[in-house]
Amino acid sequence: MPQPLYKNAEYSKLAANFHKGLWFERFFNYTDRTFQDVGDSDKKQAIGQVSGAAGSEQDIERFAARQIKLINSLGGQFQIFTLDWHFVTGMGNEHPVENGFLWHPTLGTPYLQGSAVKGLLRSWLEQNLEPGSQWLLHQWFGSEGKKPAEQQHDNQAGGLIFHDAIPVGATRVGADIMTPHMGKWYEKGGEGRPASRPDTIPADWHNPVPVPFLVTTKASFLFAVSPRTGAMKDGIAQVMAFLGNALEELGAGAKTSAGYGSMQRAENQEAAFAQRLQAQQEQQQQQALEASLSPAERSMYQVRQQLAADIRSGNQNAGGDCKRQLNLMVAGAEQWSQAELEELHQLALDILNHHGPAPKKGKGKELIISRVPSLHNICND
């Protein structure tokens, strides 16, 4: 049987931040040439190869920033939750190690689909809603119940948009083990074999079979909900509060009954992330502004930024850089427009007023006009 082209691919030569999900799902290395029986060593190797950091923190943060811009444009809200313990999702996905894993298609990190977030919140509400509150399910999710007998209104599109829960910051994945003790009974107990068969009876003589599977060991996730209609905008805060309860009490993903997937809100991370996002936005705005300026205007803008920092700090002795840049601009200002020269004159006065010498002194005026004669008239006005 022809071997796959990636059969001899060398994992060790891949980049540190490569897409581990692609390797795990598409480049599984079999030792069995029949591709029928995957041994325990193959499973451990497949999980061990992708264990550790998953995804690029820089790419993750850029993606999260774009997600928040979308959420804000829709009038939604977001919160960040961090894992109490392990988290796993996508175990039902087909994979040779028996248990699959859900990887983000572009980031190469674990994540939770928006449909799963919706199902989690609805499940919590169905368990905690007071009688007579089924209208809330109809308004938020589009139906009052899952059975036709429970429906009093026609189904409709729900009033909420549930976004994928994506990681923020570093994420790590690793191996975990489950040890089913009665595997043969689970496999063959319902196939009509006689109850006298020892391997089909649930009893304590069965040997445990360790089964490795992949889990998320460290991550914080950004959960977000947006209103589909204007009428839902005022209710988003309540939705997020209920979602926080659901994540804490029920947990997200698979194996929640064993304690997996429980999360707590991380308000400190939210504040830090919001600050980083604000700094990025200000940087982008500044870059856009500088790109719209002429070379002369850009040079003066950058020096003004430095001067403003010196004024805020109250440090008058740190003006060497400002004066150095001013000298460079004066030296190259022969071709500047009259408006640019006037702005340069004002900038020079501001620098000298703060850092000295005062503009009225000979050295101060000389510094402004020594290189560019056309500045002479401006300085004397």
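Residues numbered from 1 in each chain as written. Predicted model: local features only at pLDDT ≥ 70, side-chain atom pairs only at ≥ 80, totals over all residues. Heavy atoms only, no water.

A.B. asks: Whenever I open this one, the nonpolar core confuses me. Can you help?
C.D. replies: A general trend in soluble globular proteins is that nonpolar side chains are found buried together. Leu121, Trp140, Phe223, Leu243 and Met263 are the most contacted members of the largest nonpolar core, which totals 30 residues. Looking at this core element by element, the count peaks at seven residues for helix H7 (residues 236-249). Excluding anything up to four places from it in sequence, Leu243 contacts Val117, Leu120, Leu121, Phe223 and Val225. Grouped together as the second largest cluster of nonpolar side chains are 18 residues, Val88, Val97, Phe101 and Val215 included. (Core = buried A, V, L, I, M, F, W, Y, C linked by side-chain atoms within 4.5 Å. Buried < 20%, exposed > 50% of the residue type's maximum accessible area, 1.4 Å probe, protein only. Helix = DSSP H or I, 4+ residues; strand = E, 2+ residues; numbered from the N terminus. Contact = heavy atoms within 4.5 Å.)

A.B. asks: How should I be thinking about the sheet that holds strand S1 (residues 52-53) in this particular structure?
C.D. replies: Paired through their backbone hydrogen bonds, the strands of a sheet run either parallel or antiparallel. Taken in spatial order, the three strands make up an open sheet running S1-S5-S6, and their pairing is antiparallel. Sheet topology places S1 and strand S6 (211-218) at the edges, where each strand pairs with a single neighbour. With two bridges connecting them, S1 and strand S5 (residues 172-178) associate as antiparallel partners. Across the sheet, Ala53 pairs through a bridge with Arg172, a residue of S5. Most of the contacts of helix H2 (residues 40-50) go to S6, to which it runs at about 10°, and overall it touches S1, S5 and S6. (Pairing = 2+ DSSP bridges. Axes fitted to C-alpha atoms, helices over the stretch in contact; angles between N-to-C directions.)

A.B. asks: Help me understand the layout of surface pockets, please; the structure alone is not making it clear to me.
C.D. replies: Where empty space is left becomes clear once a probe the size of a water molecule has been rolled over the atoms. Taken as a whole, the largest pocket spans an internal volume of roughly 320 Å³. Looking at the largest pocket, it is lined by 15 residues, and the ones nearest its centre are Pro180, Gly183, Lys184, Glu187 and Val209. Taken together, the elements giving at least two residues each to the lining of the largest pocket come down to H2, helix H6 (183-188) and S6. Looking at the lining of the largest pocket, the element that brings in the most residues is H6, giving four residues. A per-class count over the lining of the largest pocket returns six nonpolar, four polar and five charged. (1 Å grid on protein atoms, 1.4 Å probe; cavity = no way out; pocket = protein on both sides within 12 Å on 5 of 7 lines; lining within 4 Å. Points joined across faces, edges and corners; volume = space filled by probe spheres on them. Nonpolar A, V, L, I, M, F, W, Y, C, P; charged D, E, K, R; others polar.)

A.B. asks: Whenever I open this one, the pairing of S5 confuses me. Can you help?
C.D. replies: Consecutive side chains along a regular strand alternate between the two faces of the sheet. Of the strand pairs in this sheet, S5 and S6 are connected by seven bridges, and their pairing is antiparallel. Residue pairing across strands places Val173 opposite Thr216, the latter belonging to S6.

A.B. asks: Can you help me understand the packing of aromatic side chains in this one?
C.D. replies: Within a pair of aromatic rings, the relevant descriptors are the distance that separates the centres and the angle that separates the planes. On inspection of all chains with the given rule, the structure shows ten aromatic pairs. Measuring from centroid to centroid gives 6.2 Å for Phe24 and Trp103, while their planes differ by 50°, and the two rings are tilted. Placement of the pair is Phe24 in helix H1 (residues 20-26) and Trp103 in the loop between strand S2 (77-83) and helix H4 (114-128), with a sequence separation of 79 residues. Accessibility expressed as a relative area gives 2% for Phe24, which makes it buried. Clustering of aromatic rings is evident, with ring pairs tying together Trp124, Trp140, Phe141, Phe162 and Phe242. (Phe/Tyr/Trp six-rings, centres within 6.5 Å; stacked < 30°, edge-to-face > 60°.)

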